[in-house]
Amino acid sequence: MSDQQILALCNQYQALLLCEAPVLHIAIAPNPPAEFFEALRFICDKPVNIEYWPAEQLEKTRHSRISAGTDEQPERSASVVQLLHETLYKAIQLRASDIHFEPVEHGYQIRFRVDGVLQLQPLLPVHLAAPLTARLKVLGNLDIAERRLPQDGQMEISVEQHMCSFRIATLPVYHGEKVVLRLMTQTTQTFELSDLGMSPDDCAKFQHSLTNPQGMILVTGPTGSGKTITLYSALKILNQVSTNLCSVEDPIEIPMRGLNQTQINTKAGLNFQSVLRALLRQDPDIIMVGEIRDGDTAEIAIKAAQTGHLVLSTLHTNSTAETVVRLEQMGVERWMLASALNMVVAQRLVRKLCPHCKQRHPDDISLPTKLWAGALPHWQAVGCERCYGGFYGRSALFEILLVDFTLQSAIIKGMAAHDLEILAQQHGMMTLFESGCLAVEQGLTTLEELYRVLGVPHG
C-alpha cells in the first residue's frame, strides 16, 4: 500500500485521512460512491475505520488544517494558498476589475477583466477547482458546504503587504461552482472630472449644475460604465465642512471622509426607501442614492429634490433622453420630472490606445455626414510589452443633457425620447457617439472600439 495512493484517493473523493496507524481512519461525507470502497480495498492492506461526517465539518477541518499548515498534503495546501496569492497579485498588476474562476470540462479556467474585456489566463488542472473554490469561500465568510445555491459577500486579503477588498459571488454551473471576484475601487482614486475624460466644456456644465441648491442630477449607463466614480467625483467637489452630505449605497464601495454613508441591508429590512426616508430626517443638504431601482425610490428621491435638497443618483439607461421615459415607466409623473431634473449624464468607458505602439493606417474612415462630418483617422491597436492587446486604461465618453426651460416644457408635453434627443442636440448636446468620434479624432481610441461599446449607429 502506498501512502501517496491513499492520499490521492482521499483527495479524489473529498475525504480526510485522520490516522494511518495502527488502523486507517478516514472521514468522508455520507453515502460515498461504491467506487471509493472498491479502490480502497484494492490499495489498502490494513484495517480501515470509516467515519461519516457532514460536508460542512469536512470542509472546515480541511481548511483549518490549511490555515495551520498541518494538512495531510502540506505541499498541496501551500500550493493552493500560493496560487491564489499569485493570481490576485497578477490581476492587480494587470489592473483587472474582475477575476473569474470557472470550472470547465478538462480544467480550471481563470479570466481577468482588463479595461472592460475578459482576458484568458493559462488553464489550471481540474483537481485545483475544489480547493481553490473552498479557499475563496473561507476568505469571504461564505458557507463552504453549500454548493447548490449562489452566495455573495466581501473579503479583505493582504496582497504583497497591501490590504485589498473584493466582492465575492459564487454560482453553481455545469462543472461545479463559478466564483467571481470584483476588486473594490482603491482609495488612491483622484476623483478629478478631467481625469475621467470629461471635456473642459462638459466639466464647466457639470460643475455649474452642482452649484444648484436643489434638484436632481442623474448619471446613467450600463453596469461597469464608471457611474460610481463620476458620482464620487461630484461628491468630492461638494464635500465641505459647512454641508451635510449623506449617501445610501449597496454596497459602500468607496469610503469617503466627510460623507455619511449608509449601506443597504435587505435581510434586516434596510432598503433604499427606508434609508432615504430616514436620511430626510437627518437635516441633509446633499443626498447621494447609489441607484434608483424602483418607483418608490424614484418618487422619494424626486420629492427630496423638489423640497430643497440636491440629489445625485444613477440609473440604468442607454441615453440621456431615455432616462425620462424610464422614470415615467416607474410611475413618476412627467411634471414632477420636469421640475426636479437639473441634468442627466450618460456615459460609457472605451479602452485607450497604447501611446507606445498605436499605428495610424494611411487610409482614413468616412462616416455618413449625419453621424460625423469629415474623415476619421484609422487607428490600429498593435500591442506591445507595455499594454494589453494594444490598449492601456480606459476613458469615459459623456453625453450631457442640461434640462433648461425648453426641455422642461417638452418633458411636460410628453415628447418621445427620440424627439427629446433631437431637441437637446439642437441646443448643443453632443451625443455619446459624437463624443466617441471626437476621441477617435484625438487618437485616444479606435472606431472599432467605439462600435464595440456603443454598437453601430443607424445613419
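Residues numbered from 1 in each chain as written. Predicted model: local features only at pLDDT ≥ 70, side-chain atom pairs only at ≥ 80, totals over all residues. Heavy atoms only, no water.

1. With respect to the sheet that holds strand β4 (residues 96-104)
- Spatially, β6-β5-β4-β9-β8-β7 is the arrangement adopted by the six strands of the open sheet, whose pairing is antiparallel. Edge strands, defined here as strands with exactly one partner in the open sheet, are β6 (117-120) and β7 (151-159). Strand after strand, the sheet turns through a mean of 25° between neighbouring axes, direction not considered.
- Summarising the sheet, β4 and strand β9 (residues 176-183) pair through four bridges and their orientation is antiparallel. Looking at β9, one finds that Phe101 is bridged to Val179. (Pairing = 2+ DSSP bridges. Helix = DSSP H or I, 4+ residues; strand = E, 2+ residues; numbered from the N terminus. Axes fitted to C-alpha atoms, helices over the stretch in contact; angles between N-to-C directions.)

2. Quick word on helix α14 (residues 417-426)
- The complete set of buried residues in α14 reads Ala417, Leu420, Leu423 and Ala424. Down the axis of α14, the sector holding all buried residues measures 120°, keeping them to one side. Exposed side chains of α14 directed beyond 90 degrees from the buried face belong to His418 and Gln426.
- Structurally, α14 contributes buried residues whose contacts are with α11 (320-329), α12 (334-340), β18 (391-402) and α13 (405-412). (Buried < 20%, exposed > 50% of the residue type's maximum accessible area, 1.4 Å probe, protein only. Arc of directions from axis to C-beta. Contact = heavy atoms within 4.5 Å.)

3. So, the sheet that holds β18
- Here seven strands make up an open sheet; going across it, the order is β12-β11-β13-β14-β10-β15-β18 and the pairing mixed. Looking at the sheet topology across the chains shown, the edges are occupied by β12 (259-263) and β18. For this sheet, the mean inter-axis angle between neighbouring strands, taken without regard to orientation, is 20°.
- By the bridge criterion, 10 bridges tie strand β15 (residues 341-353) to β18 in an arrangement that is antiparallel. Residue pairing for β18: Ala346 is matched across the bridge by Glu399.
- Helix α15 (residues 432-441) contacts β15 and β18 of the sheet and is inclined by roughly 140° relative to β18.
- Sheet strands touched by helix α16 (residues 447-454): β15 and β18. Its angle to β15, the strand with the most contacts, is close to 130°.

4. What about the packing of aromatic side chains?
- Taken as a whole, this structure holds four aromatic pairs when the rule is applied.
- For the pair Phe36 and Phe37, a centre-to-centre distance of 5.4 Å together with 70° between the ring planes defines the contact as edge-to-face.
- Plain terms: the ring middles of Phe433 and Tyr451 are 6.4 Å apart, the flat faces sit at 15° to each other, and that makes the pair stacked. A residue pair is termed long-range when its members are at least 10 positions apart, and Phe433 in helix α15 and Tyr451 in helix α16 qualify at 18 residues.
- The positively charged end of Arg95 is found above the aromatic ring belonging to Tyr392, 3.9 Å away from the centroid.
- Seen from the ring of Phe391, Arg351 lies directly overhead, with NZ or CZ sitting 4.1 Å from the centre. (Phe/Tyr/Trp six-rings, centres within 6.5 Å; stacked < 30°, edge-to-face > 60°. Lys NZ or Arg CZ within 6 Å of the ring centre and 35° of its normal.)

5. Describing the nonpolar core
- Counting residues in hydrophobic clusters, the biggest one holds 40 residues, and the most contacted among them are Met216, Val248 and Ile292.
- Counting residues per element, this core draws most heavily on helix α10 (residues 295-306), at six residues.
- In this structure, Ile292 is in contact with Met216, Leu218, Thr297, Ala298, Ala301, Ser313, Thr314, Leu315, Leu327 and Met330, ignoring residues within four places of it in sequence.
- Listed in part, the 29 residues of the second largest apolar core include Phe206, Ile254, Val345 and Leu349. (Core = buried A, V, L, I, M, F, W, Y, C linked by side-chain atoms within 4.5 Å.)

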